[in-house]
Amino acid sequence: NAGVMQNPRHLVRRRGQEARLRCSPMKGHSHVYWYRQLPEEGLKFMVYLQKENIIDESGMPKERFSAEFPKEGPSILRIQQVVRGDSAAYFCASSPLRQGYEQYFGPGTRLTVT
Amino acid sequence: KQEVTQIPAALSVPEGENLVLNCSFTDSAIYNLQWFRQDPGKGLTSLLLIQSSQREQTSGRLNASLDKSSGRSTLYIAASQPGDSATYLCAFTGGTSYGKLTFGQGTILTVHP
């Protein structure tokens, strides 16, 4: 059973460009979570999604950031018009539909904005 | 606001020592608590999950306990090895945000031969 997969692992974007980060959850998992780890800071929750639904987006910046988890395909975290402050490691996690909600993390995408 | 504090921030021990990492949280209405390790430049590996109805969990040389009344969890590592060197993070879900993990800042552990 493959783990949570994220791609790309490293992404370089110039200021003003768009960044698209992909996450494929573990097989059988229907819940996806995105977290961000800024340099020298802890992990912060961004958004929690189920298939075709955003459950909790309380950690998402109000502008430029969006996330989706379509019926088919991976979850996408999209950052429009990136700025240098968006440089961070973005982690995706998934959990199965059962009590406990243990979350399994992917290797992360390291975004660098130049 | 839910907060998680981990003490110590860093710990350096010789190989073979038993050690305890501490985690405290402000919200007693937790749903579950997870301990993770993170190696430099890597993702998170889940070590142990303790549900709110449980008091402890064990996996190999690791034992984690949960005391909801005092808002504390501890991770005990027995017979530490250099391969245990990593950052250890505790995180919990709770309140109305049962899907959202709130993380501590982590404890950086170094086990030297």
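This one's a predicted model, so the numbers in the text were calculated from it and none came from an experiment.

(A) Representation of the interface of chain A and chain B in the model. Between chain A and chain B, the contact holds 19 residues from the first and 21 residues from the second. Taken together, the two surfaces of chain A and chain B that pack against each other cover about 1700 Å², and 52% of this comes from carbon and sulfur. It is Leu 43, Tyr 101 and Phe 105 of chain A in chain A that bury the most area against chain B; as a group they hold 28% of the surface buried on that side. Our enumeration of links across chain A and chain B arrives at zero salt bridges. One can count eight residue pairs in polar contact (both at pLDDT 80 or more) joining chain A with chain B. Within the residue set of the side of chain A that touches chain B, elements represented by two or more residues are strand S4 (29-37) and strand S5 (43-50) of chain A.

(B) Up close: the sheet that holds strand S8 (residues 72-77) of chain B. All names here are of chain B. Taken together, the five strands give an open sheet; going across it, the order is S1-S3-S8-S7-S6, and neighbouring strands pair in antiparallel fashion. The open sheet is flanked by strand S1 (4-7) and strand S6 (56-59), the only strands paired with a single partner. Taken pair by pair, the neighbouring strands of this sheet meet at an average axis angle of 15 degrees, ignoring direction. In this structure, strand S7 (residues 62-67) lies alongside S8, joined through six bridges in antiparallel fashion.

(C) Examining the pairing of strand S11 (residues 107-112) of chain B more closely. Residue and element names in this part refer to chain B. With burial as the criterion, only one face of S11 is covered, namely that bearing Thr 107, Leu 109 and Val 111; the residues Ile 108, Thr 110 and His 112 on the opposite face remain uncovered. The pairing of strand S2 (residues 10-14) with S11 spans five bridges and is parallel. Across the sheet, residue Pro 14 finds its bridge partner in S11, namely His 112.

(D) Representation of the packing of aromatic side chains. Applying the stated criterion across every chain, the model contains eight aromatic pairs over all chains. Between Tyr 35 of chain A and Phe 103 of chain B, the aromatic rings sit 5.7 Å apart at their centres with planes inclined by 85 degrees, giving edge-to-face as the arrangement. Here Tyr 35 of chain A is found in strand S4, whereas its partner Phe 103 of chain B is found in strand S10 (residues 97-103) on a different chain. Tyr 35 of chain A sits in the buried class, given a relative accessible area of 0%. Its relative accessible area of 7% is what places Phe 103 of chain B among the buried residues. Taken together, a centroid distance of 6.1 Å and an interplanar angle of 80 degrees make the contact between Phe 105 of chain A and Phe 103 of chain B edge-to-face.

Conventions adopted
- Residues numbered from 1 in each chain as written.
- Chains lettered and ligands numbered in written order.
- Predicted model: local features only at pLDDT ≥ 70, side-chain atom pairs only at ≥ 80, totals over all residues.
- Heavy atoms only, no water.
- Contact = heavy atoms within 4.5 Å.
- Buried area = accessible area lost by both parts, 1.4 Å probe.
- Salt bridge = Lys/Arg side-chain N within 4 Å of Asp/Glu carboxyl O.
- Polar contact = N/O pair within 3.5 Å; in protein donor to acceptor, adjacent residues only side chain to side chain.
- Helix = DSSP H or I, 4+ residues; strand = E, 2+ residues; numbered from the N terminus.
- Pairing = 2+ DSSP bridges.
- Axes fitted to C-alpha atoms, helices over the stretch in contact; angles between N-to-C directions.
- Buried < 20%, exposed > 50% of the residue type's maximum accessible area, 1.4 Å probe, protein only.
- Phe/Tyr/Trp six-rings, centres within 6.5 Å; stacked < 30°, edge-to-face > 60°.

Interpretation in functional terms is not warranted from these geometric data alone.
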